[in-house]
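# Notes for the structure review
So the chains spell out like this:
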Amino acid sequence: MVIEISVRDVKVYYRSIKALDGVSISVNGGEVLSILGPNGAGKSTLLKVINGVLRPVMGVVYIDNKNLLKIPRRELARRIGIVPQRVHLATLLSVYDFVMTGRRSYINLFPTKIDEEKVYEALKVVGALELANRSLDELSGGELQRVVIARALAGEPEVLLLDEPTNNLDLKYQIEVLNLIRSLRSRGLTIIVALHDLTQAFRISDKVLLLKGGRVYAVGRPEEVLKPEVIFEVYGVPTIVIREHKIIAPLFQ
Ligand code: ADP
């Protein structure tokens, strides 16, 4: 079930702003791709194009050689799981009910036994089974992030898109979420994740894409791309890179 994603010469404009200006990238099935770049570089926009919510003015996204725009919505919703940057919690749902919303593309009228099993399975994968009956508003940031990932997994996706999943988490929870991403990769999911933290990207990625001003500045294996001179050109910040420990630290006074 490992599937490949290929983005070909994609352009997205918001009026006069060129959010993506001819971006091409491919991800092999079962790999982790990190999308990096300063604020406004186009990371979220690229994720929205890959999950089909944003139609580019030019270019095509292929999922296993099939044009994404030709895949029926319901099928796409099943194949791609999404972990958005912010979750809008309109009502105070239980964790179980919230994760069940990840089965939406399977449910006709009422959830079946299978839907129920998939919800518990997803909660188990993220280590949150014991939270099933809790209310969402009672969760810590780290617990909530795991539950949001469980919702995406409940839809049995082949591809998982995550938009800055470690934001607002303390160190322990950041590591938990990063380890979870690596364990999902071992299960064969193709994972695309927008990140701010370069060390995190170095640790978890098979491939990194560095965006600057809506264009691909560099792409390749982390150790090829994440070099001080490249980072300085994109972020304008001097860094020290400790390759043997995969650590990238900014230098400042
Ligand atoms: P990133 O995720 O890397 O911070 P985004 O993809 O959010 O970057 O944004 C890329 C560019 O597009 C930025 O200049 C941003 O201001 C602009 N942009 C993003 N969303 C919209 C929108 N809905 N309307 C107008 N401009 C937008």
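Residues numbered from 1 in each chain as written. Predicted model: local features only at pLDDT ≥ 70, side-chain atom pairs only at ≥ 80, totals over all residues. Heavy atoms only, no water.

One open sheet accounts for six strands, arranged β6-β7-β8-β3-β9-β10; its pairing is mixed. Looking at strand neighbours, the two that pair on one side only are β6 (80-83) and β10 (215-220), the edges of this open sheet. Here the strands of the sheet are splayed against their neighbours by 15° on average, with no regard to which way each runs. Two elements, strand β9 (residues 207-212) and β10, share five bridges in a ladder whose sense is antiparallel. Counted as the bridge partner of Leu-209 is Val-219 from β10. Strands β3 (32-36), β6, β7 (159-163), β8 (190-194) and β9 of the sheet are contacted by helix α1 (residues 43-50), whose axis makes an angle of about 155° with β7. (Pairing = 2+ DSSP bridges. Helix = DSSP H or I, 4+ residues; strand = E, 2+ residues; numbered from the N terminus. Axes fitted to C-alpha atoms, helices over the stretch in contact; angles between N-to-C directions. Contact = heavy atoms within 4.5 Å.)

Turning our attention to the pairing of strand β2 (residues 17-27). Pairing of strand β1 (residues 5-14) with β2, which is carried by eight bridges, proceeds in the antiparallel orientation. Paired with Lys-11 across the two strands is Asp-21, which belongs to β2. Here β1 folds back onto β2 in antiparallel fashion, the turn holding two residues, of which Arg-15 has a positive phi close to 50°.

Next up on the list: the site of the ligand. Taken together, Tyr-14, Ile-17, Ala-19, Pro-38, Asn-39, Gly-40, Ala-41, Gly-42, Lys-43, Ser-44 and Thr-45 make up the full set of residues near the ligand. Within the backbone of Gly-42, an N or O atom sits 3.0 Å from an oxygen atom of the ligand. The contact in question runs from an oxygen atom of the ligand to an N or O atom on the side chain of Thr-45, over 2.5 Å. When the free accessible area of the ligand is taken as 560 Å², the share hidden by the protein chains comes to 63%. Broken down by element, the residue count for the shell around the ligand peaks at three residues, all from α1. Its residues assigned to classes, the shell around the ligand comprises five nonpolar, five polar and one charged. (Near = heavy atom within 4 Å. Polar contact = N/O pair within 3.5 Å; in protein donor to acceptor, adjacent residues only side chain to side chain. Areas by Shrake-Rupley, 256 points an atom, 1.4 Å probe, with all protein chains shown as cover. Nonpolar A, V, L, I, M, F, W, Y, C, P; charged D, E, K, R; others polar.)

Attention shifts here to unusual backbone geometry. Although it is not a glycine, Arg-15 sits at a positive phi angle of roughly 50°. Within the secondary structure layout, Arg-15 lies in the loop between β1 and β2. Residues other than glycine seldom take positive phi values, yet Asn-168 does so here, at roughly 65°. On the accessibility criterion, Asn-168 (79% relative accessible area) is exposed. (Buried < 20%, exposed > 50% of the residue type's maximum accessible area, 1.4 Å probe, protein only.)

For the rest of this paragraph, the subject is the packing of helix α4 (residues 113-125) against helix α5 (residues 141-154). In the contact formed by α4 and α5, the axes pass within 8 Å of each other and the chain directions differ by 135°. What the angle tells us is that α4 and α5 run oblique. For the pair α4 and α5, the sense of crossing is right-handed. Taken together, the residues of α5 that come into contact with α4 (itself represented by Lys-118, Ala-122, Leu-123 and Val-125) are Ala-150, Leu-153 and Ala-154. When the residues that make up the contact of α4 with α5 are grouped by side-chain class, the tally is six nonpolar, no polar and one charged. (Parallel < 35°, antiparallel > 145°, perpendicular 65-115°, else oblique. Left-handed = near helix turned anticlockwise from the far one by under 90°.)

Remember, this is a structural readout, not a statement about activity or role.
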